[in-house]
Amino acid sequence: QVQLLESGGGLVQAGGSLRLSCAASGSIFSINDMGWYRQAPGKQRELVAAITSGGLPNYVDSVKGRFTISRNNNLKSVYLQMNSLKPEDTAVYYCNAAITLSALRVPQIYWGQGTQVTVSS
């Protein structure tokens, strides 16, 4: 059974920083793209940042220059360093990964359970 376990959320004042971590576990053959999504109350879940297996990142415009996504393929982990946080960054943040369970199977999308990030003004 594949699981994505997130950590690092919390409460921070505007202008502060947080680092989110997500580790995949289970019988995994390979991990393709990994990413972070967020969902604020009353809003749809949106992609915040993604990173390819080769380390190429992509960000939503609202976090460019403030957030940095990275990954450690050996640890099957992805990270999100969030700086200069704003109240509008408040949301539940979800880890996401495209994981292949064996050489004969196509990648499937897995989600973490979510971690709350609250930015106070």
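Structure shown above.
Residues numbered from 1 in each chain as written. Predicted model: local features only at pLDDT ≥ 70, side-chain atom pairs only at ≥ 80, totals over all residues. Heavy atoms only, no water.

Caption draft 1: Representation of the sheet that holds strand E7 (residues 67-72) in the model. Pairing in this open sheet of four strands is antiparallel, and the strands run E1-E3-E8-E7 from one edge to the other. With partners counted over all chains shown, the strands left at the sheet margins are strand E1 (3-7) and E7, one partner each. Ignoring which end each strand starts from, the neighbouring axes of this sheet average 15° apart. Where strand E3 (residues 18-25) and strand E8 (residues 77-82) come together, six bridges link them in antiparallel fashion. When the bridges of E8 are listed, Cys-22 appears paired with Val-78. (Pairing = 2+ DSSP bridges. Helix = DSSP H or I, 4+ residues; strand = E, 2+ residues; numbered from the N terminus. Axes fitted to C-alpha atoms, helices over the stretch in contact; angles between N-to-C directions.)

Caption draft 2: Highlighting the side chain of Asn-96. Mapped onto the secondary structure, Asn-96 falls in strand E9 (residues 91-100). Judged by relative accessible area, Asn-96 falls into the buried class, the value being 9%. (Buried < 20%, exposed > 50% of the residue type's maximum accessible area, 1.4 Å probe, protein only.)

Caption draft 3: Up close: the environment of Gln-116. Relative to the assigned elements, Gln-116 resides in strand E11 (residues 115-120). Separated by 76 residues in sequence, Gln-116 and Ala-40 have C-alpha atoms that sit 9.7 Å apart. What Gln-116 contacts, discounting residues up to four positions off in sequence, is Gly-9, Gly-10, Thr-90, Ala-91 and Val-92. Here Ala-91 takes part through its backbone oxygen, which lies 3.4 Å from a polar atom of the side chain of Gln-116. (Contact = heavy atoms within 4.5 Å. Polar contact = N/O pair within 3.5 Å; in protein donor to acceptor, adjacent residues only side chain to side chain.)

Caption draft 4: Expanded view of the packing of aromatic side chains. Applying the stated criterion to the full structure yields one aromatic pair. Taking the centre distance of 4.9 Å and the plane angle of 65° together, the rings of Tyr-37 and Trp-111 count as edge-to-face. Of this pair, Tyr-37 sits in strand E4 (residues 30-39) while Trp-111 sits in strand E10 (residues 108-111), and the two are 74 residues apart along the sequence. Among the residues examined, Tyr-37 registers a relative accessible area of 22% and is labelled partly exposed. Between Arg-45 and the ring centre of Tyr-94, over which it is positioned, the NZ or CZ distance is 3.7 Å. Stacked on the ring of Trp-111, the Lys or Arg Arg-45 has its end atom at 4.7 Å from the ring centre. (Phe/Tyr/Trp six-rings, centres within 6.5 Å; stacked < 30°, edge-to-face > 60°. Lys NZ or Arg CZ within 6 Å of the ring centre and 35° of its normal.)

Caption draft 5: The arrangement of the pattern of salt bridges in detail. Under the counting rule described, the total for this entry stands at four salt bridges. Between Arg-38 and Glu-46 there is a salt bridge, and its shortest N-O distance comes to 2.7 Å. Arg-38 gets classed as buried once you look at its relative accessible area, which sits at 6%. We classify Glu-46 as partly exposed; its relative accessible area is 31%. Ionic pairing is found between Arg-38 and Asp-89, a salt bridge with its closest N-O pair at 3.0 Å. (Salt bridge = Lys/Arg side-chain N within 4 Å of Asp/Glu carboxyl O.)

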